[in-house]
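Each chain, written out:
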Amino acid sequence: MNKETTAAASPLFDLNGKPSLGQAFPLALQHVVAMIVGCVTPAIIVAGVGGLSDSDSVILIQAALVLSALTTLVQLYPFQKGGIRIGSGLPVIMGISFAYVPTMQAIAGDFGVGTILGAQIVGGAVAVLVGIFIRQIRRFFPPLITGTVVFAIGLSLYPTAINYMAGGVGKPAYGSWQNWTVAIITLIIVTALNHYGKGIWKLSSILIGIIAGYLVALAFGLVDFGAVAGASFFQLPRPLHFGVIFEPSSCIAIGILFAINSIQAIGDFTATTTGGMDRMPTDEELNGGIVAYGCCNIFSALFGGLPTATFSQNVGIVASTKVVAKKVFGLAAAILLVAGLIPKFSSVLLTIPNCVLGGATVSVFASIAMTGVKLITAAPMDYRNTTIVGLSIALGMGITQANAALASFPAWVTTIFGKSPVVLATITAIVLNLVLPKAQPANGK
C-alpha cells in the first residue's frame, strides 16, 4: 500500500476516524454479509422446534436483526454516567448466538419461546453481575488464557465453515462438486486479494469474494429467490408478543450459559483489540461491554430477540483488515436495522448460498485462531504453559467432537460441557493456570 493510499484510508484504522461513506459502506456491508445468516439461523431453528406459525416465525427472525443492530450500537457508543458504563466502545458486531441453541431447542420443545425469553432475562442479570466484578475476575485471564480461549473459538468455527463450503448440512446438494467449486473459487479470490490486492480491493476482499462467488453460484443454479417473493415490505418488532415465562430449570440452564459466555466475551474483546489495535482491552472496556451484554439481552427478551453475543467471524474481519473505525460498524448496524424493518431487503441477503459464505469465511476463522496463537506465544512456551494450552484444547475439542463421550451423564452436563469446546477449554485453562506450579528462576531453590 503506497503512502497516498495509506493517507486516504487512515480514518478507517482510527477508532474515532471519519472515513467517507464510499470507503465505509462496502466494509460495513462486508461485516453484515459475514454474519447475517448466522444471526437469523438460531431464530429459524427455535421457531421450527417451538412449532411457531409462519407469521410468528417472521416476527422472531426480524426481531433477531433489529435487536442485534441496537445491541451493536450500544456497544459502539457507550452510555456513561458517574461510575456506570454500559457499552465497550469497541468495534464489535453483536448477533444472535449459536452458543445457546441446544438449550433453547430443549426449552422451546418443552415449554415454548416465552420460557426462553424469561430465562434470558435472568441470564442477562447474571451477565451484568459478571461485568460489574470483571476487575476482580480478569486476573484469571492473562494473555496465555485469553489466547487459549481465542484459539479455541477459531478452531470451533472451522467445522461451520467447511459444512457451509459443502452447501450446508441437511441440504439436498450437500457435498456436491458444484458447492465445492463455488466455495473454492470464492476462497481463492479472497486469499488472492488479501495478499496481492491494494487499498480498498484488499480491505473489501471478503465482500468482493462473496459477490464473485454469488455470480458463479447463480450460473450453477444454486441461488433461490423464493424467499424474496414471499417477504413483506415493512414490519416492526412486537413487544411481549411471545410473553415472558419464568421456569426455574430453564432459568438455571440459561443463566449458567450466560455466565460462561460473559467470560468467553473477554476472548472476543481481546481478539478485537489485539487484532485491530495491537493492545489489550482495558478493564473499563471489558466492564462496560459485559454489562451492556447483560442489559441488552434483558431488553431484547421483551421484544422477542433471542440471546446475543459478540460475533467471532466479525472479530476475524477486524483482525484481517485492521479496520476499526466506529463509523463502519455503525453503518453495519444500520444495515441490519433496515434488514430487520424491511424483510424484502433482508431476504435478498439471505439468498447468498452457504457455499459462498463458507468459502469467504474460512479464512476469517483462520485469522481468529492465529490471533489466539499470537497471544499464547506472548508467554514463554515452557512445559507448564504448553501443558495448559495443550490439555485445554485437547479436552475442549476432543470431548465436543466425540458425540457420545458424555452420554451417561445428565443432559445438563452435555449441554454445558459437550456442545461448545470453548466452555471446557476455558475452564480447563483457568484451573490449570491456578494449580500448576509456576516455573522457578534458573537460580531458584
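Quick caveat, the model's predicted, so the values are computed rather than measured.

Asks: What's the story with the overall build of the chain in this structure? I'm lost.
Replies: Looking only at helices and strands, the chain features 20 helices and four strands. Taken against the 2.2 N^0.38 rule, which gives 22 Å for 445 residues, the C-alpha radius of gyration of the chain at 21 Å falls within 12% of a compact globule. Projected onto its principal axes, the C-alpha positions of the chain cover 75 × 60 × 50 Å. Counting only residues that meet the buried cut, the chain has 56% of its 445 residues in that class. Accessible surface, the chain as shown: approximately 18300 Å² in total, 68% of it carbon and sulfur. For the chain, the distance from the average position of its 21 positive side-chain charges to the average position of its 13 negative side-chain charges is 9 Å.

Asks: In this structure, what is going on with the packing of helix α7 (residues 143-165) against helix α17 (residues 354-376)? I would like to understand it.
Replies: Geometry of a packed helix pair, given as the angle between the helix axes and the separation of the axes. Two numbers describe how α7 lies on α17: the axes approach to 7 Å, and their chain directions differ by 165°. The angle between the axes of α7 and α17 places the two elements in the roughly antiparallel class. Between α7 and α17 lies a crossing whose hand is left-handed. Partitioned by chemical class, the residues of the contact of α7 with α17 number 21 nonpolar, ten polar and no charged.

Asks: How should the state of the cysteines be read in this particular structure?
Replies: By definition, a disulfide links the sulfur atoms of two cysteine residues through a covalent bond. Under the counting rule described, the total for this entry stands at zero disulfides. Left without a disulfide partner, C251 is nearest to the cysteine sulfur of C295, which lies 18 Å away. Its relative accessible area of 11% is what places C251 among the buried residues. The cysteine C295 is free of any disulfide, with C296 supplying the nearest cysteine sulfur at 6.9 Å. What makes C295 partly exposed here is its relative accessible area of 29%.

Asks: I tried to follow the packing of helix α14 (residues 312-321) against α17 on my own but got confused; where do I start?
Replies: Contact geometry for α14 and α17: axes closest at 8 Å, N-to-C directions at 75°. On the basis of the axis angle, α14 is roughly perpendicular to α17. Contacts between α14 and α17 involve S312, Q313, G316, I317, A319 and S320 on the former and, on the latter, V364, F365, S367, I368 and T371. Of the residues in the contact of α14 with α17, the class split is five nonpolar, six polar and no charged.

Asks: I tried to follow the nonpolar core on my own but got confused; where do I start?
Replies: One broad rule of soluble globular proteins: the nonpolar side chains tend to lie buried together. Counting 115 residues, the largest nonpolar core has V46, L60, I210, L306 and V328 as its most contacted members. Among the elements that line this core, the one with the most residues is helix α2 (residues 21-49), at 14 residues. Residues in contact with I210, not counting those within four places in the same chain, are V33, T186, I352, V356, L357 and A360.

Asks: I'm lost on the environment of V389 in this one. Help?
Replies: Assignment of secondary structure puts V389 in helix α18 (residues 383-401). Residues in contact with V389, not counting those within four places in the same chain, are L144, T148 and I376.

Asks: Whenever I open this one, the confidence of the model for the chain confuses me. Can you help?
Replies: Do not read the fine detail of predicted coordinates wherever pLDDT is low. Counting all residues, the mean pLDDT for the chain is 83, and 92% of those residues have values of 70 or more. Within the model, pLDDT remains below 50 along residues 1-9, and this stretch shows six contacts once partners closer than five positions in the same chain are excluded.

Asks: Sorry, what's going on with helix α10 (residues 205-219) here?
Replies: An α-helical turn contains 3.6 residues, so any two residues separated by three or four positions project in the same direction. Taking 1.5 Å per residue, 15 residues should reach 21 Å; α10 reaches 21 Å between its end C-alpha atoms and fits that length. Those residues of α10 lying buried are S205, I206, L207, G209, I210, G213, Y214 and A217.

Asks: Which parts of the structure should I look at to understand the pattern of salt bridges?
Replies: Pairing between side chains of opposite charge can happen when their charged atoms approach one another. Going through the model one piece at a time under the given rule, you end up with two salt bridges. Among the ionic pairs, R279 bridges to E285, the shortest N-O distance being 2.8 Å. Using a relative accessible area of 29% as the deciding quantity, one classes R279 as partly exposed.

Asks: Just to check I follow, could you spell out the environment of G131 for this structure?
Replies: Looking at where G131 falls in the secondary structure, it is placed in helix α5 (residues 113-132). With 154 residues separating them along the chain, G131 and E285 place their C-alpha atoms 10.0 Å apart.

Definitions and cut-offs
- Residues numbered from 1 in each chain as written.
- Predicted model: local features only at pLDDT ≥ 70, side-chain atom pairs only at ≥ 80, totals over all residues.
- Heavy atoms only, no water.
- Helix = DSSP H or I, 4+ residues; strand = E, 2+ residues; numbered from the N terminus.
- Rg over C-alpha atoms; globule rule 2.2 N^0.38 Å.
- Buried < 20%, exposed > 50% of the residue type's maximum accessible area, 1.4 Å probe, protein only.
- Areas by Shrake-Rupley, 256 points an atom, 1.4 Å probe, with all protein chains shown as cover.
- Lys, Arg positive; Asp, Glu negative; His and termini not counted.
- Charge placed at Lys NZ, Arg CZ, Asp CG, Glu CD.
- Axes fitted to C-alpha atoms, helices over the stretch in contact; angles between N-to-C directions.
- Parallel < 35°, antiparallel > 145°, perpendicular 65-115°, else oblique.
- Left-handed = near helix turned anticlockwise from the far one by under 90°.
- Nonpolar A, V, L, I, M, F, W, Y, C, P; charged D, E, K, R; others polar.
- Disulfide = S-S within 2.5 Å.
- Contact = heavy atoms within 4.5 Å.
- Core = buried A, V, L, I, M, F, W, Y, C linked by side-chain atoms within 4.5 Å.
- pLDDT = per-residue confidence, 0-100.
- Expected span 1.5 Å × (residues − 1).
- Salt bridge = Lys/Arg side-chain N within 4 Å of Asp/Glu carboxyl O.

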